[in-house]
Amino acid sequence: MDTEQTDAYLRRIGAARPAAPTARALGELHLAHLRSVPFENLSVHLGEEIELTAAALVAKVVRERRGGFCYELNGAFGALLTALGFDVTPLQARVYDEKGRLGIPFDHLALLVRTQDGGQWLADIGFGAQSHLPLAYGERGEQTDPGGTFRLVESAEGDLDVLKDGKPQYLLDPRPRTLADFTGGAWYHRTSPASHFTRSLVCSIIDGDSRITLSGRTLTTTRDGERTVTELASEAEVLAAYERYFGIRLEREPRVRASR
């Protein structure tokens, strides 16, 4: 990314260019991204290609003013952080389902970020309702965050379980990866009938101290654990909600295919 592209990205998330790649700057960028760019899987249901290159991902987030799922969001965010002088390493993870079973390898992309002031951080703006701020990568005690209480727990094999409020979220492999390594995982999640991304619609963002989520035609606002649910009645209402709450302008309503 050149200076012009970097500045455009910073404007997209409403953040100032940091004076140095410090832990504080990383936290500010992380939160700004979560508040500006939605976690969404609309491309899967709109028949849009997903190209795992930094240029394509940054263009989608910045020029097209869209969001994405983990590969896209953390891929684009990693490119921004690298351009700002942070040391960024993609890591692969396997996600736990509701029954505690692990998903496929390269199920999820997260970022290990090293800062100028000596910190190592797990940055993840692509896992939906996850931590609002980066997690200290070397810390094994509880880490309190606006999104919950988190812990990183070492497994016998040397991987890290990432827990939220005591519940395992994903198993993180500490070996360094490249963006291209996640091509198979991204293909699986946008094509397989077994992927939850092909079987459901989601668009979610942090708005102040609330989270707003649109799943199909169900609009949910969550604040302090209290949920307000509104059922939208028409395509026009759905398209208006995408634009109002997420800044996404669509020509047609995305729908989950009946065959899935």
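Below is a short write-up of the structure. (Residues numbered from 1 in each chain as written. Predicted model: local features only at pLDDT ≥ 70, side-chain atom pairs only at ≥ 80, totals over all residues. Heavy atoms only, no water.)

Take the layout of surface pockets next. Rolling a probe over the atoms, with the probe sized like a water molecule, indicates the empty space that remains. Volume-wise, the largest pocket comes out at about 1100 Å³. Taken together, the residues of the lining of the largest pocket sort by class into 13 nonpolar, 15 polar and 9 charged. Considering only enclosed or pocket space, the second largest pocket measures out at about 370 Å³ in volume. Surrounding the second largest pocket, 17 residues form its lining, His132, Pro146, Gly147, Arg211 and Thr222 being those nearest its centre. Taken together, the residues of the lining of the second largest pocket sort by class into 3 nonpolar, 7 polar and 7 charged. (1 Å grid on protein atoms, 1.4 Å probe; cavity = no way out; pocket = protein on both sides within 12 Å on 5 of 7 lines; lining within 4 Å. Points joined across faces, edges and corners; volume = space filled by probe spheres on them. Nonpolar A, V, L, I, M, F, W, Y, C, P; charged D, E, K, R; others polar.)

With that settled, consider the pattern of salt bridges. It is possible for side chains of opposite charge to pair when their charged atoms get near one another. Scanning the model with the defined rule gives 15 salt bridges in all. Close ionic contact of arginine 101 with aspartate 97 constitutes a salt bridge, the shortest N to O distance being 2.9 Å. A residue is classified by how much of its surface remains accessible, and aspartate 97, at 29% relative accessible area, is partly exposed. What emerges from the salt-bridge pattern is a single network uniting Glu40, Glu48 and Arg66. (Salt bridge = Lys/Arg side-chain N within 4 Å of Asp/Glu carboxyl O. Buried < 20%, exposed > 50% of the residue type's maximum accessible area, 1.4 Å probe, protein only.)

Ranked by size, the top nonpolar core spans 43 residues in total, and within it Tyr9, Leu29, Phe77, Leu81 and Phe86 carry the most contacts. Listed by contribution, the elements that provide at least two residues to this core are α1 (3–12), α2 (23–36), α4 (54–62), α5 (70–83) and β3 (108–114). Tallying contributions element by element places α5 first for this core, with 8 residues. Sequence-distant contacts of phenylalanine 86, that is, excluding residues within four places in its chain, are made with Pro21, Thr22, Ala25, Leu26, Leu29, Leu81, Val113, Arg114 and Thr115. (Core = buried A, V, L, I, M, F, W, Y, C linked by side-chain atoms within 4.5 Å. Helix = DSSP H or I, 4+ residues; strand = E, 2+ residues; numbered from the N terminus. Contact = heavy atoms within 4.5 Å.)

Our focus in this paragraph is the sheet that holds strand β1 (residues 39–40). Spatially, 5 strands are ordered β1-β10-β11-β12-β13 in an open sheet, and the strand pairing comes out antiparallel. A single partner strand is all that each edge strand has here, and the edge strands are β1 and β13 (226–231). (Pairing = 2+ DSSP bridges.)

This brings us to the packing of aromatic side chains. Here a ring pair, both rings aromatic, is described through the centre-centre distance and the interplanar angle of the planes. Using the criterion set out here, one finds 8 aromatic pairs in the structure. Look at phenylalanine 106 and phenylalanine 182: their rings are 5.3 Å apart centre to centre, the planes differ by 80°, and that puts the pair in the edge-to-face class. One end of the pair, phenylalanine 106, is in the loop between β2 (87–95) and β3; the other, phenylalanine 182, is in the loop between β9 (167–172) and α6 (183–191), and 76 residues separate them in sequence. Taken as a pair, phenylalanine 106 and phenylalanine 182 share a single burial class, namely buried. Aromatic rings pair up to connect Phe39, Phe69, Tyr71, Phe106, Phe182 and Phe197 into one cluster. (Phe/Tyr/Trp six-rings, centres within 6.5 Å; stacked < 30°, edge-to-face > 60°.)

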